[in-house]
Amino acid sequence: ADCRYTCHQECRSLIQLDCRQPGQCQSHLSPESTLLPPCSQNVTQTVEEEKPEPPTIQEIKQRIEKYNAKVTNCLLMKLNDDGTYTGFIKVHLKLRRPVTVPAGIRPQSIYDALKEVNLADMTDKRTSFYLPLDAIKQLHISSTTTVSEVIQGLLKKFMVVDNPQKFALFKEMRKDGQVLFQKLPLTEYPLYLRLLAGPNTDVLSFVLKENETGEVEWDAFSIPELQNFLMILDKEEKDKIQQVQRKYEKFKQRLQQTLKEARGKPG
């Protein structure tokens with residue numbers, strides 16, 4: 001009635017007015033005149049969250065000096081004249097599904113990397129296999145390198161021809177004995193996160209995982225890819241069966257040995 005404050009009815013209990021003019025307080029307001037029906041169109045002035053100001057070159061320089069002082073190896077960060085900086089990040093590969101790579105292609109050489117030769121374009125043949133579990137890849141990147149570029153760079157190094165959208169980069173943090181994962185947006189800068197967290201990977205590390213978007217759409221795979229999946233699963237099944245058989249064979253031998261030693265003993 002006095003300050004013309006409006007809100008939705010379901011928001012009434014959350015409102016706390018702080019009237020600054022004499023005689024205007026919450027007790028003088030008419031609840032009926034200050035409530036709007038649910039889902040009504042109410043034009044209000046939204047208050048945007050203040051975004052932190054980007055650090056200055058001097059602040060970046062101080063952070064880099066502090067970072068390099070804690071480095072125990074040669075993986076230092078270097079500040080450029082234009083305010084950008086370069087450094088190293090380590091990415092753990094924790095992929096549970098097979099990836100698609102060109103078949104019959106030799107590993108990429110230093111010459112190929114320098115000349116930016118894409119070996120995957122040299123053949124249309126494809127095959128699938130599992131990358132080593134929890135393999136670690138070290139990347140030298142810039143402060144302007146985004147998460148999207150990191151993912152594409154990793155796939156290129158391993159000659160993976162799958163769509164980069166199938167993968168996501170996560171930051172792994174440890175807090176109170178728990179391991180927490182957070183998916184990073186494609187526009188985030190991993191090197192800046194590394195700079196803020198320091199060189200200790202126990203505080204922050206990066207992990208490449210599948211971009212979980214729901215159930216696997218098997219129709220999107222070709223027949224050769226599906227056949228490779230079946231071959232891989234068949235091999236894993238046989239290996240698992242052999243492991244179980246060896247395990248219980250050892251139990252059987254120990255039990256027979258124990259029975260043999262117990263024969264002839266009283267009781």
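Residue positions are given per chain, counted from 1 along the sequence in the order it is written. Confidence filtering applies because this is a predicted model: local features only for residues at pLDDT of at least 70, side-chain atom pairs given and counted only at 80 or more, and all residues used for totals across whole chains, interfaces and linings. Side-chain numbers here rest on the full set of heavy atoms in the structure, without hydrogens or water.

- By the naming in an unreviewed UniProt entry, the protein chain goes by Ras association domain-containing protein 5 and is assigned to Pygoscelis papua.
- UniProt positions are given in the numbering used here, feature names are shortened, and annotations may be inferred rather than shown by experiment. Of the protein chain, the UniProt comment under Subcellular location (unreviewed entry) reads exactly: "Cytoplasm, Cytoskeleton".

**What to know about helix H6 (residues 223-262)**
Then step 1. The way it works is that DSSP assigns letters per residue, a run of H or I at least four long becomes a helix, a run of E at least two long becomes a strand, and they are numbered from the N terminus. What a helix should span is 1.5 Å times the count of its residues minus one. Counted at 1.5 Å a residue, the expected span for H6 with its 40 residues is 58 Å, and the 58 Å between its end C-alpha atoms agrees.
Then step 2. Throughout, exposure labels follow a simple rule: accessible area from a 1.4 Å probe, protein chains only, divided by the maximum for the residue type, with under 20% read as buried, over 50% as exposed, and the rest as partly exposed. Of all the positions in H6, only Glu225, Asn228, Phe229 and Ile232 are classed as buried.
Then step 3. The inward-facing, buried residues of H6 contact strand S5 (99-102) and strand S6 (126-129). Any two residues whose heavy atoms approach within 4.5 Å are treated as being in contact.

**Comments concerning the pattern of salt bridges**
Then step 1. Any Lys or Arg side-chain nitrogen found within 4 Å of a carboxyl oxygen on Asp or Glu counts as a salt bridge. Under the criterion given, the structure shown has 5 salt bridges.
Then step 2. Among the salt bridges present, the one from Lys94 reaches Glu172, with a minimum N-O distance of 3.6 Å. Here the residue Lys94 occupies a position in the loop between strand S4 (85-93) and S5, and Glu172 occupies one in strand S8 (residues 167-175), the gap between them amounting to 78 residues.
Then step 3. A relative accessible area of 27% means that Lys94 is categorised as partly exposed.
Then step 4. Its relative accessible area of 5% is what places Glu172 among the buried residues.
Then step 5. Among the ionic pairs, Lys166 bridges to Asp162, the shortest N-O distance being 3.6 Å.
Then step 6. When its relative accessible area of 39% is taken as the criterion, Lys166 is described as partly exposed.
Then step 7. On the accessibility criterion, Asp162 (10% relative accessible area) is buried.

**Focus on the UniProt feature "coiled-coil region" (unreviewed entry) in the protein chain**
Then step 1. As recorded in UniProt, the sites labelled "coiled-coil region" (unreviewed entry) are residues 234-261.
Then step 2. Summarising residues 234-261: 100% helix, 0% strand, and an end-to-end C-alpha distance of 41 Å.

**Quick look at the layout of surface pockets**
Then step 1. Only protein atoms enter the calculation, which uses a 1 Å grid: trapped sets of points that fit a 1.4 Å probe without letting it out are cavities, open sets showing protein on both sides within 12 Å along at least five of seven lines are pockets, and any residue with an atom within 4 Å of a point is a lining residue. Grid points are joined across faces, edges and corners, and a volume is the space filled by probe spheres set on the points. Reported here for the second largest pocket is a volume of approximately 370 Å³.
Then step 2. Surrounding the second largest pocket, 15 residues form its lining, Pro54, Pro55, Tyr85, Tyr189 and Tyr192 being those nearest its centre.
Then step 3. Looking at the lining of the second largest pocket residue by residue, the classes come out as 8 nonpolar, 5 polar and 2 charged. By the convention adopted, Pro, Cys, Tyr, Trp, Phe, Met, Ile, Leu, Val and Ala count as nonpolar, Lys, Arg, Asp and Glu as charged, and the other residues, Gly among them, as polar.

**Details of the packing of aromatic side chains**
Then step 1. Note on aromatic pairs: the rings of Phe, Tyr and Trp (six-membered ring only in Trp) are paired at centre separations within 6.5 Å, and the planes decide the class, stacked below 30 degrees, edge-to-face beyond 60, tilted for the rest. If you walk through the whole model with that rule in mind, you get 1 aromatic pair.
Then step 2. With a centroid separation of 5.8 Å and 90° between ring planes, the pair formed by Tyr248 and Phe251 is classed as edge-to-face. In this pair, Tyr248 and Phe251 are both assigned in helix H6, 3 residues apart and thus about one turn of the helix distant.
Then step 3. You can call Phe251 partly exposed: its relative accessible area is 41%.
Then step 4. Consider the ring centre and the ring normal. A charge sits over the ring if Lys NZ or Arg CZ is within 6 Å of that centre and within 35 degrees of that normal. In this structure, Lys137 is placed above the aromatic ring of Phe158, and the distance from its NZ or CZ to the ring centre is 5.9 Å.
Then step 5. Above the ring of Phe181, the side-chain terminus of Lys209 is found at 4.5 Å from the ring centroid.

**Remarks on empty space enclosed by the protein**
Then step 1. Per the stated rule, a full pass over the model turns up 2 cavities of 30 Å³ or more.
Then step 2. Empty space within the largest cavity amounts to approximately 40 Å³.
Then step 3. Looking at the largest cavity, the residues that line it are Leu93, Leu95, Val99, Leu131, Leu154, Leu155, Phe158, Val160, Phe167 and Leu208.

**Regarding the confidence of the model for the protein chain**
Then step 1. When pLDDT is averaged along the protein chain, the result is 76; 69% of the residues meet or exceed 70.
Then step 2. Residue range residues 20-49 is modelled with pLDDT below 50. Its contacts to residues more than four positions away, or to other chains, number 34 contacts.
Then step 3. The pLDDT value expresses, per residue, how confident the predictor is, ranging between 0 and 100. Every residue in residues 110-114 is under pLDDT 50, and counting partners more than four places away or in other chains gives 4 contacts.

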